[in-house]
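# Descriptive analysis of the structure
Here is how the chains run, residue by residue.
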Amino acid sequence: MSNPLMNEKAAAQAARAGWGAPDPSARTTSIDGLLTQPITDGPISSWRPRVMTVGGTATATGVLLVLLLATATAGWIMAPTSASKVDGVMGIAIGGVILGFICAIVLRFKPTLAPVLAPIYALAEGFFLGVISRVYDDAYKGIVLQAVGATLAVFAVMLFLYKSRILKVTDRFKRIVVTATMGLMLFYAVSFVIGLFAGFGSISFLNSASPMGILFSVFAAGLAAMMLAVDFDLIEKGAKAGWPKGMEWYAAFGLLATLVWLYLEILRLLAKLNRR
């Protein structure tokens, strides 16, 4: 699943969506067009509890990851090798995906619910990841550990490239990445609908180990990696702009959604490579 929320326009709208007045210490004043320091009663405290920070977003993301790992472990344990039992558990897992999608849609219009819906999303998606990971690992031993390691490595590399400014997240870069992501998700949705009527093997290269299938998965995983850079940029800009504190959970949700998408794309790519 891609990140449906973390684009600059949607996030800016979310930051204004009923969070309440921002912390006065985050405001600036203007005299004759020149920005000045905020007006205060003196240096009482530097703590700004109602303003989004990078550290607060990282903490929220960490909490979501713990919740995701908890239900992923449960999903892994509850996904036995018996096909008849897997079908029932898979139904619950698919229900988790649907619940996660509903959370994403609701958050698009009600961002103030992020502190509640983001954890629900993490729990629902975690169970699905646990089940699907167990299915892949039964087919290709050790593939899940490889996928987790590759996902963490890509995250670390993208964070380094972003922080060192080797990768510059310009407006043009963001437009290309967001547009390509929306196009890819539309393609996945159309493919799913076609699969319901014509069979899920009708678009064979999606899961085939052919050169075209592998190149497609490399493209999808690369796009997810580029979306991480867009996420980092938005989080940093939100913190500098003094967005409301609750936006930390909104941003953490978006970052987690991108990580889930990246992991699934890498898992699919490794499965194709194992079949060659």
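What you see is a predicted model, and the numbers here were worked out from it, not measured in a lab.

Rules and cut-offs
- Residues numbered from 1 in each chain as written.
- Predicted model: local features only at pLDDT ≥ 70, side-chain atom pairs only at ≥ 80, totals over all residues.
- Heavy atoms only, no water.
- 1 Å grid on protein atoms, 1.4 Å probe; cavity = no way out; pocket = protein on both sides within 12 Å on 5 of 7 lines; lining within 4 Å.
- Points joined across faces, edges and corners; volume = space filled by probe spheres on them.
- Nonpolar A, V, L, I, M, F, W, Y, C, P; charged D, E, K, R; others polar.
- Helix = DSSP H or I, 4+ residues; strand = E, 2+ residues; numbered from the N terminus.
- Buried < 20%, exposed > 50% of the residue type's maximum accessible area, 1.4 Å probe, protein only.
- Contact = heavy atoms within 4.5 Å.
- Phe/Tyr/Trp six-rings, centres within 6.5 Å; stacked < 30°, edge-to-face > 60°.
- Lys NZ or Arg CZ within 6 Å of the ring centre and 35° of its normal.
- Salt bridge = Lys/Arg side-chain N within 4 Å of Asp/Glu carboxyl O.

Glancing now at the layout of surface pockets. Volume-wise, the second largest pocket comes out at about 790 Å³. Lining the second largest pocket are 30 residues, and of these L65, L152, F155, L256 and L259 sit closest to its centre. Looking at the lining of the second largest pocket residue by residue, the class counts come to 21 nonpolar, seven polar and two charged.

As for its position among the elements, T151 is in helix α5 (residues 143–163). Given the relative accessible area of 8%, T151 is considered buried. Not counting the four nearest positions on each side in its chain, T151 is found in contact with L259, L262, Y263 and I266.

Once that is clear, we can look at the packing of aromatic side chains. Going through the model one piece at a time under the given rule, you end up with six aromatic pairs. On the basis of an interplanar angle of 80° and a centroid distance of 5.5 Å, the ring pair of F155 and F232 is categorised as edge-to-face. One end of the pair, F155, is in helix α5; the other, F232, is in helix α7 (residues 211–241), with 77 residues separating them in the sequence. Given the relative accessible area of 7%, F232 is considered buried. Three or more aromatic residues joined by ring pairs form one cluster here, namely F155, Y162 and F232. In this structure, R165 is placed above the aromatic ring of Y162, and the distance from its NZ or CZ to the ring centre is 4.8 Å.

Tracing the sequence through the fold places V131 in helix α4 (residues 114–139). Look at V131 and you get buried, because its relative accessible area is 0%. For the pair formed by V131 and V89, sequence separation is 42 residues and the distance between their alpha carbons is 7.6 Å. For V131, the residues in contact, after removing those within four places along its chain, are G75, W76, A79, V89, M90 and A93.

Pairing is possible between side chains of opposite charge, provided their charged atoms come close. Under the counting rule described, the total for this entry stands at seven salt bridges. With a closest N to O distance of 3.4 Å, D138 and R134 form a salt bridge. Of this pair, D138 and R134 are both found in helix α4, four residues apart, which corresponds to roughly one turn of the helix. By relative accessible area, D138 is classed as partly exposed at 32%. By relative accessible area, which is 18% here, R134 ends up buried. Between K141 and D138 there is a salt bridge; the shortest N-O distance is 3.9 Å.

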